[in-house]
Amino acid sequence: MIHLVEGDILLSKAHAIAQGVGINDPMDKGLALSLHNLYPAMHKDFHHWCHQHHPEPGEAWVWVSAEGKHVINLITQEGVDSHDHRHGKATLTNVQHALKALAKIVEQEKFTSLALPRIATGAGGLAWADVLPLIEKKLGHLDIPVYIYATYHANQAANEA
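Here is what the cut-offs are and how they apply
Residues numbered from 1 in each chain as written. Predicted model: local features only at pLDDT ≥ 70, side-chain atom pairs only at ≥ 80, totals over all residues. Heavy atoms only, no water. Helix = DSSP H or I, 4+ residues; strand = E, 2+ residues; numbered from the N terminus. Buried < 20%, exposed > 50% of the residue type's maximum accessible area, 1.4 Å probe, protein only. Areas by Shrake-Rupley, 256 points an atom, 1.4 Å probe, with all protein chains shown as cover. Lys, Arg positive; Asp, Glu negative; His and termini not counted. Charge placed at Lys NZ, Arg CZ, Asp CG, Glu CD. Phe/Tyr/Trp six-rings, centres within 6.5 Å; stacked < 30°, edge-to-face > 60°. Core = buried A, V, L, I, M, F, W, Y, C linked by side-chain atoms within 4.5 Å. Contact = heavy atoms within 4.5 Å. Expected span 1.5 Å × (residues − 1). Arc of directions from axis to C-beta.

Novice: How should the overall build of the protein chain be read in this particular structure?
Specialist: Helices and strands together make up the secondary structure of the protein chain, namely 4 helices and 6 strands. Each helix and strand of the protein chain, placed in order from N terminus to C terminus, yields the pattern β-β-α-α-β-β-α-β-α-β. Taken along its principal axes, the extent of the C-alpha atoms in the protein chain is 45 × 35 × 30 Å. For the protein chain, the residues scored as buried account for 50% of the 161 residues in total. Of the roughly 8,100 Å² of accessible surface on the protein chain, a fraction of 52% belongs to carbon and sulfur atoms. A gap of 3 Å separates the mean positions of the 12 positive and 17 negative side-chain charges of the protein chain.

This is the structure we're talking about:
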């Protein structure tokens, strides 16, 4: 069940939060920066995982905080250029594969709810009108509430009914 909501995803009560990132992402923009600041260990662990597993765009990685908050990093963007630290751009193919991986994780981990932003539309550079149908197609069958934070309002909790 997909629900478009407005608010601050950091205030979500969802079992897990997903975000779009690039391989070895510096997490220095948007939601990634906010999550990096909130969970510095996640950023460190993500880079360690990238170096150990050499992921490809379209994969996903789950991190769990000491308090039990799950953050799923969806690799929607190409890697970051190590020379000038520019973020790679997202592709619809990467998003599609990452959403498929996300659906599998949700079912395996038995998450009870999921929150995600307008993935791949900020630093990723994709159009929301192209991404939303992919989310609906890949996550619409899940038997849990999926909250898509379509409009950001700082410090405002969304109505996750």
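Novice: Explanation requested: the packing of aromatic side chains in the structure shown.
Specialist: For any pair of aromatic rings, geometry is given as the distance between the ring centres together with the angle between the planes. One pass over the full model with this rule turns up 4 aromatic pairs. The interplanar angle of 50° and the centroid separation of 5.2 Å between the aromatic rings of tyrosine 39 and tryptophan 63 together place this pair among those described as tilted. Highlighted residues: tyrosine 39 in the loop between α1 (30-38) and α2 (40-53) and tryptophan 63 in strand β3 (residues 60-64), separated in sequence by 24 residues. Note on accessibility: tyrosine 39 and tryptophan 63 belong to one class, buried. With 5.6 Å between their ring centres and 50° between their planes, phenylalanine 46 and tryptophan 61 make a pair best called tilted. Here phenylalanine 46 is found in helix α2, whereas its partner tryptophan 61 is found in strand β3, with 15 residues between them in sequence. Each member of the pair phenylalanine 46 and tryptophan 61 is classed as buried.

Novice: What is the right way to look at the nonpolar core in this model?
Specialist: Nonpolar side chains in soluble globular proteins tend to be buried together. Ile72, Leu114 and Leu139 are the most contacted members of the largest nonpolar core, which has 29 residues in total. Elements that contribute at least two residues to this core include exactly β2 (16-22), β4 (70-77), α3 (92-109), β5 (114-117), α4 (128-139) and β6 (146-152). For this core, the element with the highest residue contribution is α3, accounting for 7 residues. In contact with isoleucine 72, not counting residues within four places along its chain, are Ala16, Ile17, Ala18, Gln19, Ala60, Trp61, Val62, Leu102, Ile105, Phe111 and Leu114. Residues Ile9, Ala14, Ile23 and Met42 belong to the second largest nonpolar core, which totals 23 residues.

Novice: How do you make sense of α4 when you look at a structure like this?
Specialist: Count 3.6 residues to each turn of an α-helix, and residues three or four apart come out pointing the same way. With 12 residues, α4 should cover 16 Å at 1.5 Å per step; its first-to-last C-alpha distance of 16 Å lies within 8% of that length. Along α4, the positions that sit buried rather than exposed are Trp128, Val131, Leu132, Leu134, Ile135, Lys138 and Leu139. On an axial view of α4, the arc spanned by its buried residues comes to 165°, and they lie on one face. When the buried face of α4 is taken as reference, the exposed residues oriented beyond 90 degrees from it are Ala129 and Lys137. Looking at the buried side of α4, the elements it contacts are β1 (2-7), α3, β5 and β6.

Novice: For this particular structure, what's the right way to read the side chain of lysine 138?
Specialist: Checked against the element boundaries, lysine 138 lands in helix α4. Sequence-distant contacts of lysine 138, defined by excluding residues within four places in its chain, comprise Gln96, Leu99 and Ala103.

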